[in-house]
Amino acid sequence: MTTSPTPSTETPPRERPPSVDSLARSLADSGLPHAVLVEVARAAIADGAIAEAPDAAIARKRRMLTPVINGTGVLLHTNLGRAPLSHEQSATYTNLELSLVDGKRGSRQAAVGELIATAAGAEAAIVVNNCAGAVLLVLAALATGRGVAVSRGELVEIGGGFRVPDVMAQSGAQLVEVGTTNRTRLADFRKAEADHDLALAMHIHQSNYRIIGFTEAVSIQALASLDTTVVADIGSGLLDRSCPWLDGPPPRWLDNEPAARQTLQDGADLVLFSGDKLLGGPQAGIIAGSADLVAACGRHPLARALRPGGLVLGALQQTVLAYLRRDGDAIPFWRMASQPLEVLRHRAQTIVASCSAAGGDASHPGTVAVEVIDTEAVPGGGTLPGVGFPSIGLAIAGNHLDALRLRSRPIVGRLVGEPSATIIDVRTVDPDDDQELLAAIRGLRR
Ligand SMILES: *Cc1c(COP(=O)(O)O)cnc(C)c1O
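A brief report on the enclosed structure follows. (Residues numbered from 1 in each chain as written. Predicted model: local features only at pLDDT ≥ 70, side-chain atom pairs only at ≥ 80, totals over all residues. Heavy atoms only, no water.)

### Here we look at the site of the ligand
So the rule is basically this: Nearness here has a simple test: a residue counts as near a molecule or strand if at least one of its heavy atoms is within 4 Å of that partner. Pairs of N or O atoms are called polar contacts if they sit within 3.5 Å, as long as, within protein, a hydrogen donor faces a hydrogen acceptor (for residues adjacent in sequence, only side-chain-to-side-chain pairs). Accessibility throughout is a Shrake-Rupley quantity obtained with a 1.4 Å probe, and a residue counts as covered only by protein chains that appear here. Runs of E in the DSSP output that reach at least two residues are strands. Runs of H or I that reach at least four are helices, and both are numbered from the N terminus. Basically, the charged four are Asp, Glu, Lys and Arg, the nonpolar ten are Ala, Val, Leu, Ile, Met, Phe, Trp, Tyr, Cys and Pro, and anything else, Gly included, counts as polar.
Surveying the vicinity of the ligand reveals the residues Arg 82, Asn 130, Cys 131, Ala 132, Ile 158, His 205, Ser 207, Asp 233, Gly 235, Ser 274 and Lys 277. Contact between the ligand and Ala 132: an oxygen atom at 2.8 Å from a main-chain N or O atom of the residue. With respect to the ligand, the side chain of Ser 274 contributes an N or O atom lying 2.6 Å from an oxygen atom. Surface burial for the ligand is 91%, taken as the share of its 380 Å² of free accessible area covered by protein chains. The set of elements that each furnish at least two residues to the shell around the ligand consists of helix H5 (131-143) and strand E7 (229-235). Counted by class, the shell around the ligand contains three nonpolar, five polar and three charged residues.

### Concerning the sheet that holds strand E4 (residues 147-151)
Rules: Note on pairing: DSSP must find at least two bridges between two strands before they are called paired. Lines fitted to the C-alpha atoms define the axes, with helices restricted to the stretch that makes contact. Angles between their N-to-C directions range from 0 to 180 degrees. For this analysis, residues touch if any pair of their heavy atoms sits within 4.5 Å.
Across the sheet, which stays open at both edges, the seven strands sit in the order E3-E9-E8-E7-E6-E4-E5 with mixed pairing between neighbours. Taken across any chain shown, the strands that pair with only one partner, and hence form the sheet edges, are strand E3 (124-128) and strand E5 (174-178). With direction set aside, neighbouring strand axes in the sheet form an average angle of 25°. Two elements, strand E8 (residues 270-274) and strand E9 (residues 285-289), share five bridges in a ladder whose sense is antiparallel. The residue of E9 that forms the bridge with Val 271 is Ala 288. The strands touched by helix H7 (residues 186-195) within the sheet are E4, E5 and strand E6 (198-204), with E5 carrying the most contacts at an inclination of about 140°.

### Regarding the pattern of salt bridges
The following threshold applies: Definition used for salt bridges: Asp or Glu carboxyl oxygen within 4 Å of a side-chain nitrogen of Lys or Arg. For each residue, the accessible area found with a 1.4 Å probe, counting protein chains only, is set against the maximum for its type, and the residue is called buried under 20%, exposed over 50%, and partly exposed in between.
Inspection of every chain in the model, using the stated rule, returns 19 salt bridges. The residue Arg 105 makes a salt bridge to Glu 97 at a minimum N-O spacing of 2.6 Å. A salt bridge links Arg 185 to Glu 216, with the nearest nitrogen and oxygen atoms 3.4 Å apart. Residue Arg 185 is located in the loop between E5 and H7, and its partner Glu 216 is located in the loop between E6 and helix H8 (220-223); the two are separated by 31 residues in the primary sequence. By relative accessible area, which is 38% here, Arg 185 ends up partly exposed. Through salt bridges with shared partners, one network takes in Glu 97, Arg 105, Arg 108 and Arg 307.

### Some details on the environment of Ser 290
Note on placement: Ser 290 falls in the loop between E9 and helix H10 (291-299). Sequence spacing of Ser 290 and Ala 268 is 22 residues, and the spatial spacing of their C-alpha atoms is 9.0 Å. Beyond its immediate stretch of four places on either side in the chain, Ser 290 contacts Glu 123, Asp 269 and Leu 270.

### Quick word on the packing of helix H4 (residues 110-120) against helix H12 (residues 310-324)
Under the convention used in this document: Oblique is the label for any angle not covered by the other classes, which are roughly parallel (under 35 degrees), roughly antiparallel (over 145) and roughly perpendicular (65 to 115). Left-handed is the label given to a crossing in which the near helix is rotated counterclockwise from the far helix by less than a right angle, and right-handed is the label when the rotation is clockwise.
Relative to each other, H4 and H12 sit at 25°, their axes nearing to 10 Å. With respect to H12, the axis of H4 lies roughly parallel. In terms of crossing hand, the pair formed by H4 and H12 is left-handed. Facing H4, whose interface residues are Ala 111, Val 112, Leu 115, Ile 116, Thr 118 and Ala 119, H12 presents Leu 313, Leu 316, Gln 317, Val 320, Leu 321 and Leu 324. When its residues are assigned to classes, the contact of H4 with H12 shows ten nonpolar, two polar and no charged.

### Focus on the nonpolar core
Heads up, the condition is: Put simply, a nonpolar core is a bunch of buried Ala, Val, Leu, Ile, Met, Phe, Trp, Tyr and Cys residues held in one set by side-chain atoms that sit within 4.5 Å of each other.
Ranked by size, the top nonpolar core spans 56 residues in total, and within it Ile 116, Leu 239, Trp 253, Phe 273, Leu 316 and Trp 334 carry the most contacts. Those residues in contact with Leu 316 that sit more than four places away from it in its chain are Val 112, Ile 116, Val 127, Leu 279, Pro 282, Ala 284 and Ile 286.

### Regarding the pairing of E9
Of all five residues that make up E9, five are buried, and the element is covered over most of its length. Side chains Gly 285, Ile 287 and Gly 289 of E9 all project onto a buried face; the interleaved residues Ile 286 and Ala 288 project onto the opposite face, where all are buried too. Sheet topology places E3 next to E9; five bridges connect them, and they run antiparallel. Looking at E9, one finds that Ala 125 is bridged to Ala 288.

### What to know about the environment of Val 74
In this structure, Val 74 sits in strand E2 (residues 74-76). Residue classification places Val 74 among the buried positions, given a relative accessible area of 19%. Sequence separation between Val 74 and Gly 388 is 314 residues; the distance between their C-alpha atoms is 9.4 Å. Contact partners of Val 74, with chain neighbours within four places excluded, come to Val 378, Pro 379, Gly 380 and Thr 428.

### Remarks on the packing of aromatic side chains
We count it as follows: Pairing of aromatic rings covers Phe, Tyr and Trp, the last through its six-membered ring, and needs centres within 6.5 Å; plane angles under 30 degrees mean stacked, over 60 mean edge-to-face, and all others mean tilted. The criterion is that NZ of a Lys, or CZ of an Arg, lies within 6 Å of the ring centre and within 35 degrees of the ring normal, and then a charge sits over that ring.
All chains considered together, the criterion is met by six aromatic pairs. Taking 4.7 Å as the distance between ring centres and 85° as the angle between the ring planes, the aromatic pair formed by Trp 245 and Tyr 323 counts as edge-to-face. Residue Trp 245 is located in the loop between E7 and helix H9 (260-265), and its partner Tyr 323 is located in helix H12; the two are separated by 78 residues in the primary sequence. This pair shows no difference in class: Trp 245 is buried, exactly as Tyr 323 is. Stacked on the ring of Phe 214, the Lys or Arg Arg 183 has its end atom at 3.7 Å from the ring centre.

Dropping the structure here:
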């Protein structure tokens, strides 16, 4: 016992803190494993914040990965994992590196690589972890110790500190800067070809920025007239400009977006793109084009370090098969992107009507006012800067971002205007989540 026999006016008797183990057990409702709760309990006791331990457990749980309802209207939201994707695979072996034809060791790249090649109109393709990895591998395999010509208008940071000149240095290739920031001509590339030992001329798509005004850039067709191998990093992963997997014509917002098939047709020897942008698949990087060049990339030691796992290849195969079936509806990104405005409006109106039926309008104290508004959705994911397309949202009076995000099924929206309104764009919300969204809005208080 720590209490002294003579009562003291200075130090009141202190309750003995609970044991770490018993506090951790009392937090079991959080659903976190005991070992994690022990850490939470230990920290709470050390900080003398035992009463706050349940909140700390909830906060700890929020750091785990969990499904999120995307109400931002940004279809490929980098913070929300870019393209939404479902993939099923039971606990089973696969023929990942076994040729079922002759029973010999096969390549994990063969199955999906061939399908991607067919879908993109390429001779061959291989898959790595992401497009940044694809750029690194291509430079290391095809240009180490030699020059790579890049227009000064394309020496960019693509995001997350991925800077073209830095990647070039890491790969051992020598950057040969060509032209100027706003204007680069074929003659600039010709001069680079004459002055340097060029391995590649590289075209990098202006995914996340635009140079406007007095500008000039060299097309893939023009680059193809060089003697040098042409590599195009298109990033976005649009497979085919004509979008044969959609019922209607290609959407207008894709007007200036390069596509893998057409970039190869225009004369690029290799095209590089992401798996989880406009392709709508898992995180991956794809190198497609001339069979010799793809094989050289596959033989480089970095290919082993950058190779994707069987789960990713399985998910990518499902995605590519949907393209080959021309079934855009089977690809969540395209399903969301091509939902007609009337369908979105009807979903939003249904939610608002149900809210009003429950007293959800300004004339009922305590409940929030909700209305249907026109919005603009954007592709996102560092693709198509400045491009938006019509969408429909729910405008909830007031700032409810925290309340919505802190739900057990988090909803992420955005804030606009003065006085502020919370916008939930329904284009990026799966229709199966409309009921959850309705329940969340009903639960909001002014
Ligand atoms: C997005 C992008 C990348 C990076 O792709 P990740 O798959 O995220 O590594 C590279 N190049 C371009 C042009 C891009 O748009």
